[in-house]
Amino acid sequence: MNGAPRPSRTSVTKQKLFDATLRLVATRGLAGLTVDDIAAEAGVAKGTVYYNFGSKDALIEALFRYGVSLLAQQIRPRETVDPRQAVEQLVDGMLVFLGEYPSFAQLLVSEMWRTPGQWHQTLSVLREDITSIFREQVALAADAGLLPDGVDVPTASAGLFGTVLVVTLDWQVFHPERSRAEVRESVLALVRGLIHR
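Residues numbered from 1 in each chain as written. Predicted model: local features only at pLDDT ≥ 70, side-chain atom pairs only at ≥ 80, totals over all residues. Heavy atoms only, no water.

Quick notes on the overall build of the protein chain
- Secondary structure assignment for the protein chain yields nine helices and zero strands.
- The principal-axis extents of the C-alpha atoms in the protein chain amount to approximately 55 × 35 × 35 Å.
- Across the 197 residues that make up the protein chain, the buried fraction comes to 43%.
- Considering only contacts within the protein chain whose residues lie at least 6 apart along the sequence, 68% involve residues at least 24 apart.
- Accessible surface for the protein chain amounts to roughly 9,900 Å². Of this, 53% is attributable to carbon and sulfur atoms.
- Distance between charge centres in the protein chain, computed from 20 positive and 22 negative side chains, equals 5 Å. (Helix = DSSP H or I, 4+ residues; strand = E, 2+ residues; numbered from the N terminus. Buried < 20%, exposed > 50% of the residue type's maximum accessible area, 1.4 Å probe, protein only. Contact = heavy atoms within 4.5 Å. Areas by Shrake-Rupley, 256 points an atom, 1.4 Å probe, with all protein chains shown as cover. Lys, Arg positive; Asp, Glu negative; His and termini not counted. Charge placed at Lys NZ, Arg CZ, Asp CG, Glu CD.)

Notes on the nonpolar core
- In this structure, Phe64, Met94 and Phe104 are the most contacted members of the largest nonpolar core, which totals 57 residues.
- Per-element tally for this core: the top contributor is helix 4 (residues 56-75), with 10 residues.
- Each of domain 1 (1-54) and domain 2 (57-191) gives at least three residues to this core.
- Beyond its immediate stretch of four places on either side in the chain, Met94 contacts Leu71, Ile75, Gly99, Phe134, Phe161, Val164 and Leu165. (Core = buried A, V, L, I, M, F, W, Y, C linked by side-chain atoms within 4.5 Å. Domains from an automatic or database assignment.)

Some points on the pattern of salt bridges
- Summed over the entire model, instances satisfying the criterion amount to nine salt bridges.
- When the shortest N-O distance is used, the salt bridge between Arg84 and Asp82 registers 3.7 Å.
- The partly exposed category is assigned to Arg84, whose relative accessible area is 23%.
- Linking Arg184 and Glu88 is a salt bridge whose minimum nitrogen-to-oxygen distance equals 3.9 Å. Taken together, the residues span a long stretch of sequence, with Arg184 in helix 9 (residues 180-194) and Glu88 in helix 5 (residues 83-100) at a distance of 96 residues.
- A relative accessible area of 22% places Arg184 in the partly exposed class.
- A single network of salt bridges, built from pairs that share partners, joins Glu88, Asp92, Arg184 and Glu185. (Salt bridge = Lys/Arg side-chain N within 4 Å of Asp/Glu carboxyl O.)

Quick notes on the UniProt feature "domain: HTH tetR-type" (unreviewed entry) in the protein chain
- Residues annotated in UniProt with the feature "domain: HTH tetR-type" (unreviewed entry) correspond here to residues 11-71.
- Secondary structure across residues 11-71 comprises 80% helix and 0% strand; the distance between its end C-alpha atoms is 19 Å. (UniProt positions renumbered as here; feature names shortened; annotations may be inferred.)

Brief notes about the environment of Gly99
- On the secondary structure map, Gly99 appears in helix 5.
- By relative accessible area, which is 23% here, Gly99 ends up partly exposed.
- Linking Gly99 and Ser110, residues 11 residues apart in sequence, is a C-alpha distance of 17 Å.
- In this structure, Gly99 is in contact with Met94, Thr168, Trp171 and Gln172, ignoring residues within four places of it in sequence.

Remarks on the packing of helix 2 (residues 35-42) against helix 3 (residues 46-53)
- Where helix 2 meets helix 3, the closest approach of the two axes is 8 Å, and the angle between their N-to-C directions is 105°. In terms of orientation, helix 2 and helix 3 fall into the roughly perpendicular class. From helix 2, Val35, Asp36, Ile38 and Ala39 reach across to helix 3, where they touch Lys46, Val49 and Tyr50.
- Residues belonging to the contact of helix 2 with helix 3 are distributed by class as follows: five nonpolar, no polar and two charged. (Axes fitted to C-alpha atoms, helices over the stretch in contact; angles between N-to-C directions. Parallel < 35°, antiparallel > 145°, perpendicular 65-115°, else oblique. Nonpolar A, V, L, I, M, F, W, Y, C, P; charged D, E, K, R; others polar.)

Put into structure tokens, the structure is as follows:
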């Protein structure tokens, strides 16, 4: 995940391993991926993976935590804005981040809703981290009277998060010729249909 702001504790070696894992996930998927594969792709010794993470599973879990923390940084509001603009900023932030890291979007979609999944507990916590940001902004829109009566804020928030995640992956896999602006406007057209203008 090059180019994104990094927590100071993330070492260069760990970053290389994260990037290598995402490249491999994009081309081969997670199943069958080995420590040998990751080390070779990163250009490091196999022992380096074990030294930094202890196992492939621990590396994948750390990658989920790292990626979701970067996503949260991207979508967290930086200033107080109109509730409509706040929801639009959530959509923009997700599209920018997941457009830059489509392999991470693919990994999230494939693992987040798989039950029972190996990383289900970790991903449940991480999903809560992201959807809480959505809930806060959707609740502000509801408090401002911008949502139809009876809309359940937690469900609407989860729906918006899932919609943008899946739409981004669909865009990357099936319609890469479309621009981010086109995808953004399509998603926001749906959102605007729910938010009273």
